[in-house]
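# Observations on the model geometry
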There are 2 protein chains.
Amino acid sequence: MTKLGKLYGLGMGPGDPELLTLKAHYILTTVPVIAYPTSENGQSLARAIAADFIRSEQIEIPISLPFNVQKSSQPYYDKAAKKIAQYLEFGQDVAVLCEGEPMLYGSFMYIFQRLSAQFPTEVVPGISSIMASAAMLNVPMTYRNDVLSIIPATLDELKLRDRLVVADAVVIIKLGRHFTKIRNILDELGLLHRALYIERATQTDQRIVSITEVEPTEVPYWSLILIPSKFNY
Amino acid sequence: MTKLGKLYGLGMGPGDPELLTLKAHYILTTVPVIAYPTSENGQSLARAIAADFIRSEQIEIPISLPFNVQKSSQPYYDKAAKKIAQYLEFGQDVAVLCEGEPMLYGSFMYIFQRLSAQFPTEVVPGISSIMASAAMLNVPMTYRNDVLSIIPATLDELKLRDRLVVADAVVIIKLGRHFTKIRNILDELGLLHRALYIERATQTDQRIVSITEVEPTEVPYWSLILIPSKFNY
């Protein structure tokens, strides 16, 4: 029987290819097969981060995911996991490229759930955009006894208010079409003057603007609001 | 007038030198001066992570910090900042090595506060042990709408209970001598069966044991408890 291949979940970091770890870089450049999530229109941030390091002889498996967020992505992961498993069964290692940190809201987790019981699996941590945003905004995030809350903007208003009112430091993620709701809650809670906004942290088109100047209809998914520790003030 | 040197805050990652980013590795190996926190007995995790990459011609500035946590470290940072400033004024770049992510409970923040207004400053994000622990424990941390709370064990029991009772996923940091208090609260809240324990994530002496087997008097500062998303169950 052939020795099974190894499944890697590679944290690709937030966007700047220089923020890849030495370990992820080594695995990325030596593994025979790579896989990465792409939207149905073929765009893949994970592949874009890796682009300069991918060699033409590497086999690529795009994991196509539905553009429509209402549509379940689970059947898409079923299909991708089956494809990846074929290579692993033949003894070939497969690295699944994942934006940011694979275990933190990562698409890799759905591949991990499907394959990690059958195949040797290793997750290589990456820098999350959530963490990188503080460095890009040039502001310390948490001191000493501060609690840091990472809160998806997709929650309902009641839960958002409950979490924000007791928070020391906060990163609000998955902003997109929820921006106006979030801005209004922050205003109401007296937090708006502490809120910093960043789009596509560390990517080539990173953008930092005052939160009061953000156009709510043009907020991308890869944007976030950071409320740093009050000990900065 | 001499051009001022640049101050770098370099995220060194959680412990494994291979988890340094390409960017941090490049700056670490090309900068003329490095500084790093050390305890009064001369131990420095940040320097240990960098050890294999440091060249003998690089100038080293140890930032000595008090072993006694009751003692204020602020005068120590004053002294270190003055020393670092001397090199920056002479046009030499200085990289301050920082375990994990510099802007997240990082010692670099105290140097940043003292020098970033006078000198060009760049923070290079690093992988936090908080984030790397999920990969080492082989468990997804947060899905979809989960809120992730990062909670220092140093908080009082009332505040700890308040934060934990509403939490989706949690990382409890700075455990050390607070382990028993935390274990009791988790037990009381019915969270103990979901709690995973890890010491020195990604370091050569990393240790993972069941939380019920942890000897409370032997819990190091570099240990944490991860309560992953309930969607893993």
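Here we summarise the structure given alongside this text.

## Overview of the overall build of chain A
Counting secondary structure elements, chain A contains seven helices and ten strands. In summary, chain A has a C-alpha radius of gyration of 19 Å against a globular reference of 17 Å for 233 residues, a match within 12%. Across its three principal directions, the C-alpha atoms of chain A cover 65 × 35 × 30 Å. Burial status across chain A gives 59% buried among its 233 residues. Positive and negative charge centroids in chain A, built from 22 and 24 side chains respectively, lie 5 Å apart.

## Topic: the sheet that holds strand β8 (residues 196–199) of chain A
In spatial order, the strands read β9(A)-β8(A)-β10(A)-β7(A)-β6(A)-β6(B)-β7(B)-β10(B)-β8(B)-β9(B); together these ten strands make up an open sheet with mixed pairing. Whereas interior strands pair on both sides, the edge strands pair on one side only; in this sheet they are β9 (207–209) of chain A together with β9 (207–209) of chain B. Shown here is a sheet whose adjacent strand axes are inclined to one another by a mean of 20 degrees, direction ignored. Contacts from helix α6 (residues 157–165) of chain B reach β6 (148–152) and β7 (169–173) of chain B, with the element oriented near 165 degrees to β6 of chain B.

## Remarks on the sheet that holds strand β4 (residues 94–98) of chain A
All names here are of chain A. Strand order across the open sheet formed by five strands is β3-β2-β4-β1-β5, with parallel pairing between neighbours. The outermost strands of the open sheet, each flanked by one partner alone, are β3 (59–65) and β5 (121–124). Strand-to-strand twist in this sheet, taken as the mean axis angle between neighbours without regard to direction, amounts to 20 degrees. Summarising the sheet, strand β2 (residues 33–39) and β3 pair through seven bridges and their orientation is parallel. Residue pairing in the sheet places T38 in a bridge with S64 of β3. On top of the sheet, helix α1 (residues 22–30) reaches β1 (7–11), β2, β4 and β5; it is set at about 130 degrees to β1, its chief contact.

## Points about unusual backbone geometry
One non-glycine residue, R144 of chain A, adopts positive backbone phi at about 35 degrees. By the element assignment, R144 of chain A lies in the loop between α5 (129–137) and β6 (148–152). One non-glycine residue, T202 of chain B, lies in the positive phi region at around 70 degrees. Along the polypeptide, T202 of chain B turns up in the loop between β8 (196–199) and β9.

## Observations regarding the packing of α6 of chain B against helix α7 (residues 179–188) of chain B
Any two packed helices are characterised by the angle at which their axes cross and by the distance between the axes. Residue and element names in this part refer to chain B. Contact pair α6 / α7: the axes reach a minimum separation of 11 Å and the direction vectors enclose 45 degrees. Judged by the inter-axis angle, α6 sits oblique to α7. Note on packing geometry: the crossing formed by α6 with α7 is right-handed. Here α6 contributes E157, L160, R161 and L164 to the contact with α7, which in turn contributes K181, I182, I185, L186 and E188. Partitioning the contact of α6 with α7 into residue classes produces five nonpolar, no polar and four charged.

## Concerning helix α1 (residues 22–30) of chain B
All of the buried residues along α1 of chain B are L22, A24, I27 and L28 of chain B. Against α1 of chain A together with β1 (7–11), β2 (33–39), α2 (45–50), β4 (94–98) and β5 (121–124) of chain B lie the buried residues of α1 of chain B.

## Looking at the interface of chain A and chain B
Contact residues are listed per partner, giving 53 residues for chain A and 52 residues for chain B. With both chains or domains summed, chain A and chain B bury close to 4500 Å², and 61% of this area falls on carbon and sulfur atoms. For chain A, the biggest contributors to the area lost against chain B are L22, M103 and R144 of chain A; these three give 14% of the whole. Run the count over chain A and chain B and you get two salt bridges. The shortest N-O distance in the salt bridge between K159 of chain B and D168 of chain A comes to 4.0 Å. On inspection of chain A and its partner chain B, the count reaches 22 residue pairs in polar contact (both at pLDDT 80 or more). For the side of chain A that touches chain B, the secondary-structure elements that each account for two or more residues are α1, α4 (108–115), β5, α5, β6 and α6 (157–165) of chain A. Looking at side-chain class alone, the side of chain A that touches chain B contains 32 nonpolar, eleven polar and ten charged residues.

## Focus on the environment of F112 of chain B
Turning to its location among the elements, F112 of chain B is positioned in helix α4 (residues 108–115). Assessed through its relative accessible area of 7%, F112 of chain B is described here as buried. Residues F112 of chain B and V123 of chain B, eleven residues apart in the sequence, show an inter-C-alpha distance of 9.1 Å. Setting aside anything within four residues of it in sequence, one finds F112 of chain B in contact with N138 and P140 of chain A together with M103, T121 and V123 of chain B.

## Here we look at the pattern of salt bridges
All names here are of chain A. Going through the model one piece at a time under the given rule, you end up with 24 salt bridges over all chains. Salt-bridge contacts for E157 lead to R161; the nearest nitrogen and oxygen are separated by 3.3 Å. With a gap of four residues between them, E157 and R161 both fall in helix α6, about one helical turn apart. When salt bridges with common partners are traced through the structure, they connect E199, R200, D205 and R207 into a single cluster.

## A closer look at the side chain of E99 of chain A
All names here are of chain A. Along the polypeptide, E99 turns up in the loop between β4 and α4. Buried charge E99 goes without a salt bridge, the closest partner of opposite sign being K174 at 11 Å. When neighbours within four sequence positions are excluded, E99 is seen to be in contact with M12, G13, P37, L45, A46, S107 and W222.

Thresholds applied
- Residues numbered from 1 in each chain as written.
- Chains lettered and ligands numbered in written order.
- Predicted model: local features only at pLDDT ≥ 70, side-chain atom pairs only at ≥ 80, totals over all residues.
- Heavy atoms only, no water.
- Helix = DSSP H or I, 4+ residues; strand = E, 2+ residues; numbered from the N terminus.
- Rg over C-alpha atoms; globule rule 2.2 N^0.38 Å.
- Buried < 20%, exposed > 50% of the residue type's maximum accessible area, 1.4 Å probe, protein only.
- Lys, Arg positive; Asp, Glu negative; His and termini not counted.
- Charge placed at Lys NZ, Arg CZ, Asp CG, Glu CD.
- Pairing = 2+ DSSP bridges.
- Axes fitted to C-alpha atoms, helices over the stretch in contact; angles between N-to-C directions.
- Contact = heavy atoms within 4.5 Å.
- Parallel < 35°, antiparallel > 145°, perpendicular 65-115°, else oblique.
- Left-handed = near helix turned anticlockwise from the far one by under 90°.
- Nonpolar A, V, L, I, M, F, W, Y, C, P; charged D, E, K, R; others polar.
- Buried area = accessible area lost by both parts, 1.4 Å probe.
- Salt bridge = Lys/Arg side-chain N within 4 Å of Asp/Glu carboxyl O.
- Polar contact = N/O pair within 3.5 Å; in protein donor to acceptor, adjacent residues only side chain to side chain.

In short, geometric facts, not functional conclusions.
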